[in-house]
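# Structure at a glance
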Amino acid sequence: MITVTINGKEIKLEKAVTVLEAARSAGIKIPTLCWHEQLEKYGGCRLCLVEVEKMPRLQTACTLMVADGMIIRTETDTIAEVRRGVLEFLLINHPLDCPYCDKAGECELQDLVEKYGLTKGRFREQKRKVPEALEDPVLVRNMERCIVCTRCVRMCEGVQGASAISVINRGGHSHIEPFSGGRFDCEYCGNCVSVCPVGAIMSRLHRHSYRPWQLGSETKTVCPYCGVGCTVVVQVRDDIIKRVVPKLGTVVNNGLLCSRGRFGYEFVGNKERLTTPLIRKNGLLEPSTWEEAIRLIASRLSEIKDKHGSNAIAGIASPRCTNEDNYVFQKFMRVAVGTNNIDSTARTGFAGAQGFIENIFGQGATGNIISGLANSDAVFVIGGDPTTINPILGLQIRACSRRGGNILTVGHMKGLRYYTPLELRPSVNTEIALLEGIVSALMKKKGPPGSHPVLEARLKDLNAQEADLPRICGIQGKDFSRFIDTLAEAATPSFVIGKDMIQSKGGSYGLFLVSAINYIVNGRIYLLSERANEQGLLDMGCAPDLFPGYRPITYPEFRKRYENAWKTGLPDKPGLTIFEMMEAAKAGALKCIYVMGENPVFNLPHTKDVEAGLKNLSFLVVQDIFLTETAKMADVVLPALSWAEKDGTFTNMERRIQLVKKAVHREGMEDWKILSEISSNMGVRMNYSDAEEIFGEICRVSPLHRDLNYEEIEKGDAIYPYKGEPLRGSTDEIHIEKSAGREERGKLYLRVERPLFHSGTLSRKAPALVNICPEAVARISPATAAALSLKDGDIVRASSKTGALELPVAVDEAIDDSAVMLSNNFQGKGAFSLMEYEIDPVTKAPCLDSNQIILEKVNR
Amino acid sequence: MFRETAIKEIEAIREQYPTARAALLPAIYVAQREFGWLSPEAYESVSSVLGVPRATVRGVATFYAMYKHRPMGRHLVQLCTNVSCMILGAEKLVDFLKNRYGLEAGGMSSDGRFSLVIMECIGACGTAPAMLVNNDFYENLTEKYIEEILEKYR
Amino acid sequence: MERVLLKNIENPESADINEYKKAGGYKGLPKALGMQPREIIDEVKKAGLRGRGGAGFPVAMKWTFASADPKFPKYLLCNADEGEPGTFKDRPILEKNPHILIEGMAISGYALGAEYGYVYLRGEYPGAKDVLNRAIAQAYEQGFLGDNIGGKGVRFHLAVHQGAGAYICGEETALIESLEGDKGQPRIKPPFPVNVGVFSKPTVVNNVETLSNLPYLIEIGGEAYSKIGSPDCPGPKIYCVSGHVERPGVYELPMGTSLKDIIYDHCGGMKAGRKLKAVIPGGISTPVLPPDKIDCPMDFVNMPKHGSMLGSGAVIVMDESVCLVKVCFRALKFFEHESCGKCTPCREGTGWLRKILGRIEHGEGVDGDIELLLSVAGNILGKTFCPLGDGAASVVQNFIKHFRPEFEEHIRAGKCMVNG
Ligand SMILES: Cc1cc2nc3c(=O)[nH]c(=O)nc-3n(C[C@H](O)[C@H](O)[C@H](O)COP(=O)(O)O)c2cc1C
Ligand code: SF4
Ligand code: SF4
Ligand code: SF4
Ligand code: SF4
Ligand code: FES
């Protein structure tokens, strides 16, 4: 126990902390500027100087560690004088343009000057003049206001790990610049903005349109973009979102955000939002009333049901909608329509992979705490770059490396390149061979753990060619050995699996092999998730074979339970997956699809096929916030409320249930509300008054949500399964389908880029994100560029069996020589439009890696 | 990007340290020599060889006074004007370089032959005033002596 | 006194290993290898050797801390940044007698248990870099460096790391940052380098001159060494004298030689017999002295008693032709240029002081400027992160303290008394 005296108050401390921390713990405030709780100690601003008895000089409270018996004074006349002096130094070159600065009101410098008073007029010299830097579309720098506290740089280097900005020059010429001096060209997380104590780095979104104190309402909610589920605070003035900021101390993202979360909110107020229902009349979508639209849908659905049976109707749920929306959606499909034809784009990978892994390790196997990654001593990454897919999770991997952990990657992960990854980059079509090699090498090194006979039995017939691996996979033998040694030595390894792994030929076998590696080294698995409520939607039973809480519909006793709860009989046959729906539509067996908050035309591979299927339907309903590609084909389009306009819950990839709260008001109905109206019109009454009531029902029917309620969620860690029934264990059967890709060396294959700045079709309605990354490009390796005589910016025609696009190329050292990377975000330029697929028989996910692509230069 | 020889050179330097990052200062010297100055390409090259983020490379480089952030003349004249040199007439020599060669502090002569950098102490105070031309010390300078010296650098 | 550190430097081949050996070099190292590391540190303690980099820190004490730290490997860094204006004492060792440094480092490395050493050499000494590299190669060849020094299985590897123009890199933690490939900005202490230094390992930083004392110290023993010069901080000391004396240059003399003797005996007195106006005794950061205060022994203990500091032993002598406002202005320009920018008072204050001094120097001073200078300097002194800022503030304070009328006259007349 350490005892110190601060301002006459005795403070007892468990362990040595800084004087600043000791003071704070006792409620004594010491002014600071360069200190920030998320950042490493710096000691540069000198605001926190305090008197310490027996020490000749004043000491900085933010760096000095307490020692037993220390006597400290933090507010004396001398200290006030010193602080005034320091503040004077900070102001001599300051433009004093507070009336014009968006930071005014929440500026730490302004507040301190107000507290300690100003020393005026002693500086007669010319002030430093630096024009405001407006080259960047999203961030503005005003270096006259910069106090060189380096908080932004320490954030960008030490926490975000992007190292995109630095202090340029030294001494009085020090200022902050991105590499180019103009545009940031960075990860645009905006975390530097969060920590800048003054108005020197700020967001340009809604610049000069608010004062911090005018941001009347603040709503703590969850980011609408990816499965990490970051807490965001939405700040609103006059029902317009002015800012989205993180909050210190929140579990998932503790004061950090990524570009999408921070700058992607403008879709909410986008002028292109749907405002009224649309009904196709004479081939054209015409505005209508809610009444008309709802009545039309109800009668058409009933009609089709009567004529063709319930199973002629299918529903596509939304990983962007809340649990409540999705719960009502599946209930509507099962009860009002009477079908299990319910699925979602989670089928493109997440759902099957999670099911597969849970089969081996038991339910909940992939629901690991994201922040735990930082404490792993090794992180194995495969199938996609986590720093772009799930950026805040990516930060935890970077933090792991910073703390001395090892990063092991199969394939190149650009966002981890400065984290000295041990990287194995197998040549095209040899990933499976490499994984087999890893399994067999680890088995030799560590031996079978012996706790999972089913899995071990499956390893018997492993076809490993370890000695030949370097040749087969084009890797270095010594890299492989280091990789194996590191993995074998790891005590707390983690495995991060991205979709590319799942969406490759033999994907389920690959998953099996990664699971086996995980098993041998006793790790834990993280499954990347691209959509905010992908997990929740599955939990809610938006799947053709599962009820809410993962109860298989084929088990009569489970079905009984739901029949009792919903007071109706339920269909007992599994329904169609989303891909089967498209097939059935094309074949004419399916007559109607009801789409809620999803854009299958764009978000499913093989666009033409999807279009053909949807065109063949006799009735297509789309409920969305924008007139998407799919909505344009619909017979009825219903405008929904967006995430910012409604209450509910999301469940993130750790299976943490979090509250989504209404931040702005908008006329219209929540998705669940629309569905209830239609249901009631079809004679199945749904009478929910609000989302909370729906959640109450969820907790009654889903065994995994038992006893949960909004208050509990608000309080803290509502991690699923919450007070629920015990987890289902692993099964005694593991289905494997060994199959190998058909890729040939020397050919180019299309790969899906999963960019940091976009997410499906939502982000393209967010101008800031579009400004950062405005167009689709085909990324190719320098070798490919050389072989095809292409250079950055050249326009190419990219053609595959299913179509062709014209777009610019970007030469990128991070790309494999066999690959062309194209994202699936931009209108008319999506990678999926060029892709055919086959379905993996086990995970039911599409295999997308066999799509050959040809690039030809277009001369303009 | 660097020539192959420069990459080899940096890799050899890197071996002298336990971390790649520690080779940053010497690598920037190599880049400066190879590219003539620290152009964006020079930074990118260092960044990719050592795996240090490019903004970091630039930040570190701009901290140090001897790295060159703009194109330089063929020969670098570094004249000291710190106190020991100043009290023995270094300032007059600054004027002389300007009048005789059109060399301004931090600038380049119009023929691209010389660049002039005004230095803090270069450790030749006992023989002040002094300068370095490229890597060579010249001491006890006078205007006439400077003319003689610079004749050697074409 | 016979020269030790600058022995033989008139020999044009003095940097060659064989010449060095001929002149008696590489005797201390074998002797040291025959001793226990602990014994070497004891000898250094007996000798009373103090660091020559400026602060005069007892060498044995620093070494004891580092050798007591269990972390491994340990590093020995030679501070050859020699940036303090007026200082050119390390350069002759580096350029003309590199083997005494290499031998000294090998001995020190052995004493500390350090297997790796770097010479952090200022970028402004390109010639010294070549000399050192050649000398290091020779030392490797002859087994004074490497994995098996003196056939005793002792390891010590040495390389040169070139700085790139930053005075602050002479400060030991900034030096470490710079060696690690970062900006040369001082680190928070504690932890001290002896525990967490370069690459987070125990590290000793010593000056060139300090380390070059080792071969001789070991050769003659601590006891004998302690008899040289000042009893409080014994040993030979290189004084480097510049400015208006008849024979400026480097002088290796017993520590504690009086400033007056250095100027008037060793350097042949004032140039052309002109009158002494001011002396900066230990490099520009040390307080300036007026002519009546120069009768003082130049060592770490006595100089503070006489109102200044030994610093690097760089004596800058100024005669009546010098305008001290201008010197002060130039000094602040230096500090402004060299401020690393980490802490507010130094980053902003040095520039402000320079600007005020510039106005005064250029005849644009106004009433109250002197008080303003003192007040701004006061707001810097004692509030900065490292001693650089203090140095800048104290330069202003001491110039005004001793030569205030000259400042006043500048402001009053709007021009310089000396140079018109
Ligand atoms: C601003 C500043 C500059 C310094 N410059 C040098 C220098 O150029 N050379 C040097 O040896 N020590 C310099 N020092 C002192 C070093 O920090 C350190 O004390 C010294 O290298 C220790 O070696 P020594 O004990 O052998 O003197 C400087 C210190 C400060 C604060
Ligand atoms: S936005 Fe993020 S990545 Fe960009 S400079 Fe700021 S902290 Fe770095
Ligand atoms: S931009 Fe802001 S955070 Fe960055 S150094 Fe300047 S004041 Fe500090
Ligand atoms: S990591 Fe995901 S949840 Fe977090 S801010 Fe980014 S997009 Fe939103
Ligand atoms: S006093 Fe502060 S700004 Fe000046 S050199 Fe030291 S740390 Fe840098
Ligand atoms: S807060 Fe302590 S020095 Fe800045």
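Figured I'd write up the structure that's included with this text. Remember, predicted model here, so these are calculated numbers, not experimental data. (Residues numbered from 1 in each chain as written. Chains lettered and ligands numbered in written order. Predicted model: local features only at pLDDT ≥ 70, side-chain atom pairs only at ≥ 80, totals over all residues. Heavy atoms only, no water.)

### What about helix α4 (residues 151-159) of chain A?
Residue and element names in this part refer to chain A. Along α4, seven of the nine residues are buried, which leaves the element largely enclosed by surrounding structure. Of the positions making up α4, those classed as buried are Arg151, Cys152, Val153, Arg154, Met155, Cys156 and Val159. Its buried side turned inward, α4 meets α3 (108-116), β7 (165-168), β8 (175-178), α5 (191-195), β9 (201-203) and α11 (391-402). At the C-terminal side of α4, Gly161 shows a positive phi close to 75°. (Buried < 20%, exposed > 50% of the residue type's maximum accessible area, 1.4 Å probe, protein only. Helix = DSSP H or I, 4+ residues; strand = E, 2+ residues; numbered from the N terminus. Contact = heavy atoms within 4.5 Å.)

### Brief notes about the site of ligand 2
The environment of ligand 2 is formed by Leu139(A), Cys156(A), Ala162(A), Ile165(A), Phe184(A), Cys186(A), Glu187(A), Tyr188(A), Cys189(A), Gly190(A) and Cys192(A). Per-class residue counts for the shell around ligand 2 are nine nonpolar, one polar and one charged. (Near = heavy atom within 4 Å. Nonpolar A, V, L, I, M, F, W, Y, C, P; charged D, E, K, R; others polar.)

### Digging into the interface of chain A and chain B
The interface of chain A with chain B comprises 15 residues on the first partner and 16 residues on the second. Note on chain A versus chain B: buried area summed over both sides is about 1,200 Å², and carbon and sulfur give 57% of it. Interface area lost by chain A to chain B is led by Arg170(A), Phe179(A) and Tyr418(A), which between them contribute 55%. Two residues, Glu177(A) and Arg58(B), come together in a salt bridge whose shortest N-O distance is 2.6 Å. At the boundary of chain A with chain B, the tally comes to six residue pairs in polar contact (both at pLDDT 80 or more). For the side of chain A that touches chain B, the leading source of residues is β7(A), giving four residues. Along the lines of polarity and charge, the residues of the side of chain A that touches chain B split into seven nonpolar, four polar and four charged. (Buried area = accessible area lost by both parts, 1.4 Å probe. Salt bridge = Lys/Arg side-chain N within 4 Å of Asp/Glu carboxyl O. Polar contact = N/O pair within 3.5 Å; in protein donor to acceptor, adjacent residues only side chain to side chain.)

### Thoughts on the packing of aromatic side chains
This structure, assessed with the given rule, holds 35 aromatic pairs over all chains. Centroid distance Phe380(A) to Phe483(A): 5.8 Å. Interplanar angle 75°. Geometry classified as edge-to-face. In this pair, Phe380(A) sits in strand β17 (residues 378-382) while Phe483(A) sits in helix α15 (residues 477-489), placing the two residues 103 residues apart along the sequence. Overall, the relative accessible area of 0% leaves Phe483(A) in the buried class. When the ring of Tyr26(C) is compared with that of Phe144(C), the centres are 3.7 Å apart and the planes differ by 5°; the resulting orientation is stacked. One end of the pair, Tyr26(C), is in the loop between α1 (17-22) and α2 (28-33); the other, Phe144(C), is in the loop between α7 (126-141) and β3 (146-149), with 118 residues separating them in the sequence. Accessibility expressed as a relative area gives 5% for Tyr26(C), which makes it buried. The residue whose ring lies beneath Arg764(A) is Phe602(A), and the NZ or CZ to ring-centre distance is 4.8 Å. Positioned over the ring face of Tyr101(B) is Arg100(B), at 4.5 Å from the centre of the ring. (Phe/Tyr/Trp six-rings, centres within 6.5 Å; stacked < 30°, edge-to-face > 60°. Lys NZ or Arg CZ within 6 Å of the ring centre and 35° of its normal.)

### Description of the pairing of strand β18 (residues 406-410) of chain A
Regular strands show a simple pattern: their side chains alternate between the two faces of the sheet. Residues and elements named next belong to chain A. Extensive coverage of β18 is indicated by the burial of four of its five residues. Looking at chain direction, β17 and β18 are connected through five bridges and run parallel. Bridge assignment links Ile382 to a residue of β18, and that residue is Val410. Where β18 meets strand β19 (residues 422-424), three bridges bridge the pair, whose relative direction is parallel. Each bridged residue has a counterpart across the sheet, and for Leu408 the counterpart in β19 is Leu422. (Pairing = 2+ DSSP bridges.)

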